[in-house]
There are 2 protein chains.
Amino acid sequence: MNIKEYSLEELNKLSDDIRNKIIQSVAKNGGHLSSTLGATELIIGMHYVFDKEKDPFIFDVSHQAYAHKMLSDRWDRFDRLRQIDGISGYTRPNESKYDYFSAGHSSTSISIAVGAAKAIKLKKENRVPVVMIGDGSITAGMAYEALNELGYRKYPVVIILNDNEMSIGKPTGAISKYLTKMKAGKFYQGMKEKFKGFLDNLPQDFKYAAKKFEEMFAINGIFFEEMGLEYIGPIDGNNLEEVIETLKIAKSLNKPVIVHAKTIKGKGYEQAEGYFEHWHGVGPFDIETGKPIKKSSLNATKVFSNYLLKKAAENEKIVGVTAAMPSGTGMKELLDKYPERFWDVAIAEQHAVTSMAALAKEGFRPFVAIYSTFLQRGFDQIIHDVCIDKYPVIFAIDRAGIVGQDGETHQGVFDIGYLKIIPNITIFAPRCFKTLEYAIDFAIDYTQTATAFRYPRGAFYEVEVEAKPFELGKAEILKDSNNIMLIGYGNGVGRAWQVSKELEKRGIEVGVLDLRFIKPLDIELLKSLKADKWFILSDNNKIGGVAESLEAFCNENNLNKKIISFEFEDKFIPHGETKDIEKMLEVDINSLANKIEWMVNNGY
Amino acid sequence: MNIKEYSLEELNKLSDDIRNKIIQSVAKNGGHLSSTLGATELIIGMHYVFDKEKDPFIFDVSHQAYAHKMLSDRWDRFDRLRQIDGISGYTRPNESKYDYFSAGHSSTSISIAVGAAKAIKLKKENRVPVVMIGDGSITAGMAYEALNELGYRKYPVVIILNDNEMSIGKPTGAISKYLTKMKAGKFYQGMKEKFKGFLDNLPQDFKYAAKKFEEMFAINGIFFEEMGLEYIGPIDGNNLEEVIETLKIAKSLNKPVIVHAKTIKGKGYEQAEGYFEHWHGVGPFDIETGKPIKKSSLNATKVFSNYLLKKAAENEKIVGVTAAMPSGTGMKELLDKYPERFWDVAIAEQHAVTSMAALAKEGFRPFVAIYSTFLQRGFDQIIHDVCIDKYPVIFAIDRAGIVGQDGETHQGVFDIGYLKIIPNITIFAPRCFKTLEYAIDFAIDYTQTATAFRYPRGAFYEVEVEAKPFELGKAEILKDSNNIMLIGYGNGVGRAWQVSKELEKRGIEVGVLDLRFIKPLDIELLKSLKADKWFILSDNNKIGGVAESLEAFCNENNLNKKIISFEFEDKFIPHGETKDIEKMLEVDINSLANKIEWMVNNGY
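For the structure given in this document, a descriptive report is provided here. (Residues numbered from 1 in each chain as written. Chains lettered and ligands numbered in written order. Predicted model: local features only at pLDDT ≥ 70, side-chain atom pairs only at ≥ 80, totals over all residues. Heavy atoms only, no water.)

### Describing the environment of L529 of chain A
Residue and element names in this part refer to chain A.
Right, on to step 1. Secondary-structure assignment places L529 in the loop between α21 (523–528) and β18 (533–538).
Right, on to step 2. Judged by relative accessible area, which is 5%, L529 ranks as buried.
Right, on to step 3. Placed 49 residues apart in sequence, L529 and D480 show a C-alpha to C-alpha distance of 8.6 Å.
Right, on to step 4. Dropping the residues within four chain positions of it, L529 is found in contact with I477, M485, I487, L513, W534 and K561. (Helix = DSSP H or I, 4+ residues; strand = E, 2+ residues; numbered from the N terminus. Buried < 20%, exposed > 50% of the residue type's maximum accessible area, 1.4 Å probe, protein only. Contact = heavy atoms within 4.5 Å.)

Take a look at the structure:
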């Protein structure tokens, strides 16, 4: 379809069709719903005013880009959203040439646009990068760094600030408050010039002029204008006519422009309109009732949340932080119950980490609850602000391992590698819901160094062995063996346990060890193991993983062991349901049992 | 001394004494000079108005805090600045209880203050965090993330913005431009209220009022006020009376306040006043003439700079970026000669990395020149924006290994560990000046993945073997052996070579191998090695280092080798001259030769 030739009526019809298709696909496969529904007119406007064949279309986080996928080349494939070999929930250049960049972490879009603008200038091409960024994403430092350069160098870039007054949850911080102050209504760039003349010709009514002056300069957009960007807005981002008219002006300015568009999150699906976090990302649901199709079962996040709530009631030194993911990390209940001790600091992982270091210094027990993949943003802060001075900050790392349908940008497979290289940090992992509670206990009590523990999205593999509290650097033998030991870490313990049961059925006996601590290792126990074949199971990449630590340990201690790693290969892991991805990676129980059986039978 | 009882005259005398002591110590030991000289009155003001026994004194980057060190408890020890076991060039809580936090990387101070303020509020204490941050440091995203929360929650924190119109080099970006617009002069908080009344009572002279209105709200500080902070300034930060008076007001407000103070970098040392980068950090110099005592010899940074300049002249696709370190990274000459292709993006490593990914996508060959330690700030961006889509960005990693006198916060000992865990990146290292040029050649030509190569501060250890160009994944045997192979990587090759020469003198023959690539490894060559003892030399920490990769390789390939790592232990490495630190770590040539000799004699 060439929507550039559509009438306004046809465009409005198109937006209805897109919304219906989004609702149908997400109801079937799960996905991001409310932000992408709200952005439909803005994306139609982008496709109407800009040229997808040459202008870089850059979506921040990109979970709101479903309409873009349909309007470029994925209308027919869209019902396979987030399935293995189906459409990604995010923009992915390897899926379509119309996706300029991969995104999944927030606040990268303006940097990408600045880079694109530099290239366009050097190549002397006639292309304009157009960015869509949410009011949540603009709170991250990275967006500010990019604005700082953009406002200085003045490249022509159009930034659509999609302001639905929500981040994933309710947004927080001065910038959000600032944006909220601005009232929606028609506002055109020309008006500003007009008003200046008006002001000059109206010397009598000073108060009115001053009020207008303030409204224009202090309320609407001066923050961005002080950073060197043109500002237009706020406009009604769900009104196609207004969107198109404004984007045309913005594109023509040949300068960096912020188009501030107010939209309604969830627009077009009654059940979702006006709701905050619940409808941001959802599993399959019934369109009629809005009710989820699968009953939600107990998961690690919920266990973490419940238990921390209990501990926080007992110990007022417990504090904590989330970076704009209150529900996702389970911190919501804590923010609600103890608003003076738990904070949502917006999308600001760097600040989250470092500010909690100060609380640790002051004698508090701060929990930094950030997903494995997003904690990458706080890497330098963990080294520089937490570990150099040994502040006992507690890192509760959710979504460790395969995360499923969010894919490449969200897999939690690097945290062991990037954390264990840092001195002065204690790293361990629970294997089940009960040991997750014990992990919290241990972290609260242990104040010699920072601590970090990881747990998977959803549930753990089951281990039918009674849970025990953590002791510093102590591993646990769940089942001994003189020959083959499956050494598990975190969710890898359950994986090992289930594999051992499967192998038992096939007549092969193996031992299972729960490593518990990757730093420090249980030197004594490892040295005492009689088994000389160690098979390592842990939900992270091989490089920087658990097996490497054990190989280094064996080499240093002159232990001659055959170590085989079943951790993940050195690749980015694509999207798809976790069970499908596990099969693809051959780390599901059956594949693992097959491989080990083969090794046993072939004298490995 | 209790300076709170000093007269203004005595305080002014004190500032002269402090400056003299700074100049003497830095002339002797080297160190940071111009920013700390400029900040003298501000720091005296902090100590006069705040209480160092209870108020957190937080210095951003903290190289400007020398006066604070003298005014707390290090007056007498200050001449041992930056020497091993002497005073650190940065604030360090393990050196003095008056140093609230370690710092060395920029833009962490406001986050620390927010954390401290939260703790103070919870503890119901009467303490006020006071921050000193430079106009360069406020450009980093992390500062913005912290301001966003601070302006929202309104904790009482006094932020002294030490604006010397310079970062390390000339500052860049919209924020710097914005600050520069503001003109120095007396300005008190009370004036604002006064002016509002004045405005109300003066309806006739509209133009004058509007001008004043604009001056106050639009020019001075509205950027910060829109972020929810009070703003006072700009004041003359080298005028003690004005500084003290303003800080008293700021402290009394019980709100977050920015005190914008203009200072002169290098103030009090004629040769340094008004210069940009040269006097920021210096080696020992002659006070009379300002000339360096040691002649500067050729170093890796200079070789990188010269050769890239040559390549950039030949190939217009070569572009590059520095994050506010033009001279330190050798990019200055490129910025000067090709201002349209090389950019200083301010202290903004995140943005630097991601924006260059877009240039790589558009067919350019972007060089990201960032120190090993500062690249930690761009870690997530390397994974998420560069490597997922395999953009061939080139990371030129200076200051890899021991950096000497800057100490813990600056050591470049983690980059191998945090980079090799990422898929789709090729990692290698030159061993000498000539191979550094070859590294640049290889990186320009190789476009299958991102590339990263590291090189040390200053010079390499010497290797008297002719340099050869890099071939993907190919190592090089410099001297073979059937028994012991010293396997070097980067500057570790020269270390290995010199050790082999020392051992030869002692009658012990060992081979030397230049690994060249840590990712991918030279599988064939490594498999073919006859030596069964591999001793690993590389300037990085053991955990996540080169030996671990080789151990994993041997295990996977059923090679039975004894691998011993001479990489660094799992600790933060303190400051001191590099040769002293090497001895302390026992990685100097003699210590290494001794250890290997002992091993050989004891049948290892």
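Back to the write-up after that little detour.
### Observations concerning the sheet that holds strand β15 (residues 484–489) of chain A
Residues and elements named next belong to chain A.
Right, on to step 1. The mixed open sheet is built from five strands, whose spatial order is β14-β16-β15-β18-β19. Strands at the two margins of the open sheet, each flanked by one partner only, are β14 (476–479) and β19 (562–565). Sheet twist, expressed as the mean angle between neighbouring strand axes with direction ignored, is 25 degrees.
Right, on to step 2. Relative to β19, β18 is paired through four bridges, and the arrangement is parallel. (Pairing = 2+ DSSP bridges. Axes fitted to C-alpha atoms, helices over the stretch in contact; angles between N-to-C directions.)

### Side note on the relation of the copies chain B and chain A
Right, on to step 1. Overlaying chain B on chain A yields an RMSD of 0.0 Å, the required transformation being a rotation through 180 degrees with an accompanying axial translation of 0.0 Å. This pairing of chains is accounted for by a two-fold axis. In terms of C-alpha distance to the rotation axis, chain B has G141 of chain B as its closest residue, with the C-alpha 1.6 Å off the axis.
Right, on to step 2. Counting the interface residues of chain B, we find that 100% of their copies in chain A are interface residues as well, pointing to one common contact surface. (Least-squares fit on C-alpha atoms with pLDDT ≥ 70 in both.)

### Some words on the pairing of β19 of chain A
Looking along a regular strand, one sees side chains alternate from face to face of the sheet.
Right, on to step 1. Side chains of β19 of chain A alternate between two faces, with K562 and I564 of chain A and I563 and S565 of chain A buried alike.
Right, on to step 2. The parallel pair β18 of chain A and β19 of chain A is bridged by helix α22 (residues 546–556) of chain A, and the resulting crossover is right-handed. (Right-handed = clockwise from strand over helix to strand, strands pointing away.)

### Details of helix α12 (residues 300–314) of chain B
The α-helix advances 3.6 residues per turn, and as a result positions three or four apart in sequence lie on the same side.
Right, on to step 1. Helix length check: α12 of chain B (15 residues) gives 21 Å between terminal C-alpha atoms against 21 Å at 1.5 Å per residue, within 8%.
Right, on to step 2. The set of residues buried in α12 of chain B consists of A300, T301, V303, F304, S305, Y307, L308, K311 and A312 of chain B. (Expected span 1.5 Å × (residues − 1).)

### Quick look at the sheet that holds strand β13 (residues 450–454) of chain B
All names here are of chain B.
Right, on to step 1. Spatially, the seven strands line up as an open sheet ordered β9-β8-β10-β11-β13-β12-β17, and their pairing is mixed. Edge positions in the sheet fall to β9 (342–344) and β17 (517–519), since each of these pairs with one other strand and no more. Adjacent strand axes in the sheet meet at a mean angle of 20 degrees, parallel and antiparallel pairs treated alike.

### Focus: the environment of E504 of chain B
All names here are of chain B.
Right, on to step 1. Within the element layout of this structure, E504 appears in helix α20 (residues 491–505).
Right, on to step 2. The exposure class assigned to E504 is partly exposed, which follows from its relative accessible area of 41%.
Right, on to step 3. Placed 89 residues apart in sequence, E504 and A593 show a C-alpha to C-alpha distance of 9.8 Å.
Right, on to step 4. Within the structure, the side chain of E504 is placed 3.4 Å from the side chain of K479, a separation counted as a polar contact. (Polar contact = N/O pair within 3.5 Å; in protein donor to acceptor, adjacent residues only side chain to side chain.)

### Notes on the packing of aromatic side chains
Residue and element names in this part refer to chain A.
Right, on to step 1. The final tally for this structure, using the stated rule, is 50 aromatic pairs over all chains.
Right, on to step 2. Here the aromatic rings of Y371 and F374 are separated by 5.6 Å at their centres, their planes lie at 15 degrees, and the arrangement is stacked.
Right, on to step 3. For F374, a relative accessible area of 13% translates into the label buried.
Right, on to step 4. A centroid spacing of 5.8 Å and a plane angle of 85 degrees characterise the contact between F535 and F566, whose relative ring orientation is edge-to-face. With F535 in strand β18 and F566 in the loop between β19 and α23 (578–585), this pair connects stretches of sequence that are 31 residues apart.
Right, on to step 5. Stacked on the ring of F364, the Lys or Arg K317 has its end atom at 4.5 Å from the ring centre.
Right, on to step 6. Against the face of Y338 rests R341, its NZ or CZ located 4.6 Å from the ring centre. (Phe/Tyr/Trp six-rings, centres within 6.5 Å; stacked < 30°, edge-to-face > 60°. Lys NZ or Arg CZ within 6 Å of the ring centre and 35° of its normal.)

### Examining the nonpolar core
Right, on to step 1. Ranked by size, the top nonpolar core spans 201 residues in total, and within it F395 and W534 of chain A together with F395 and W534 of chain B carry the most contacts.
Right, on to step 2. The residues contacting W534 of chain B, other than those within four sequence positions of it, are M485, I487, L526, L529, L550, F553, C554, L559, K561, K562, I563 and I564 of chain B. (Core = buried A, V, L, I, M, F, W, Y, C linked by side-chain atoms within 4.5 Å.)

### What about the environment of I427 of chain B?
All names here are of chain B.
Right, on to step 1. Along the chain, I427 falls in strand β12 (residues 425–428).
Right, on to step 2. Take I427: its relative accessible area is 5%, and that puts it in the buried class.
Right, on to step 3. When near neighbours in sequence (up to four residues on either side) are disregarded, I427 contacts L419, K420, A452, Y489, R516, F517, I518 and K519.

### Digging into the interface of chain B and chain A
Interfaces are often described in size by the accessible area the parts lose on coming together.
Right, on to step 1. Taken residue by residue, the interface counts 114 residues in chain B and 116 residues in chain A.
Right, on to step 2. Both faces considered, chain B and chain A share a buried interface measuring about 9900 Å² in area, 61% of it formed by carbon and sulfur atoms.
Right, on to step 3. Between E362 of chain A and K123 of chain B there is a salt bridge; the shortest N-O distance is 2.8 Å.
Right, on to step 4. On inspection of chain B and its partner chain A, the count reaches 42 residue pairs in polar contact (both at pLDDT 80 or more). (Buried area = accessible area lost by both parts, 1.4 Å probe. Salt bridge = Lys/Arg side-chain N within 4 Å of Asp/Glu carboxyl O.)

### Things to note about the side chain of K262 of chain A
Right, on to step 1. Within the secondary structure layout, K262 of chain A lies in strand β6 (residues 257–262).
Right, on to step 2. Among the polar contacts listed, one links the side chain of K262 of chain A to the side chain of D163 of chain A, at a separation of 3.5 Å.

### As for the packing of helix α6 (residues 141–153) of chain A against helix α6 (residues 141–153) of chain B
Right, on to step 1. At their nearest, the axes of α6 of chain A and α6 of chain B sit 7 Å apart, and the two run at 120 degrees to each other. Relative to α6 of chain B, the element α6 of chain A lies oblique. The handedness of the crossing between α6 of chain A and α6 of chain B comes out as right-handed. Side by side, α6 of chain A and α6 of chain B meet where G141, Y144 and E145 of chain A of the first sit next to G141, M142, Y144 and E145 of chain B of the second.
Right, on to step 2. Here the residues of the contact of α6 of chain A with α6 of chain B sort into three nonpolar, two polar and two charged. (Parallel < 35°, antiparallel > 145°, perpendicular 65-115°, else oblique. Left-handed = near helix turned anticlockwise from the far one by under 90°. Nonpolar A, V, L, I, M, F, W, Y, C, P; charged D, E, K, R; others polar.)

### Re the pattern of salt bridges
Right, on to step 1. In the structure shown here, the tally under the stated rule is 84 salt bridges over all chains.
Right, on to step 2. We note a salt bridge from K579 of chain A to D580 of chain A, for which the minimum N-O separation is 3.7 Å.
Right, on to step 3. Across the pair E314 of chain B and K310 of chain B runs a salt bridge whose closest N-O atoms are separated by 4.0 Å. Note that E314 of chain B and K310 of chain B are positioned in helix α12 at a spacing of four residues, about one turn of the helix.
Right, on to step 4. What makes E314 of chain B exposed here is its relative accessible area of 53%.
Right, on to step 5. Among the charged side chains, a salt-bridge network with shared partners connects K69, D73, R74, E95 and D99 of chain A.

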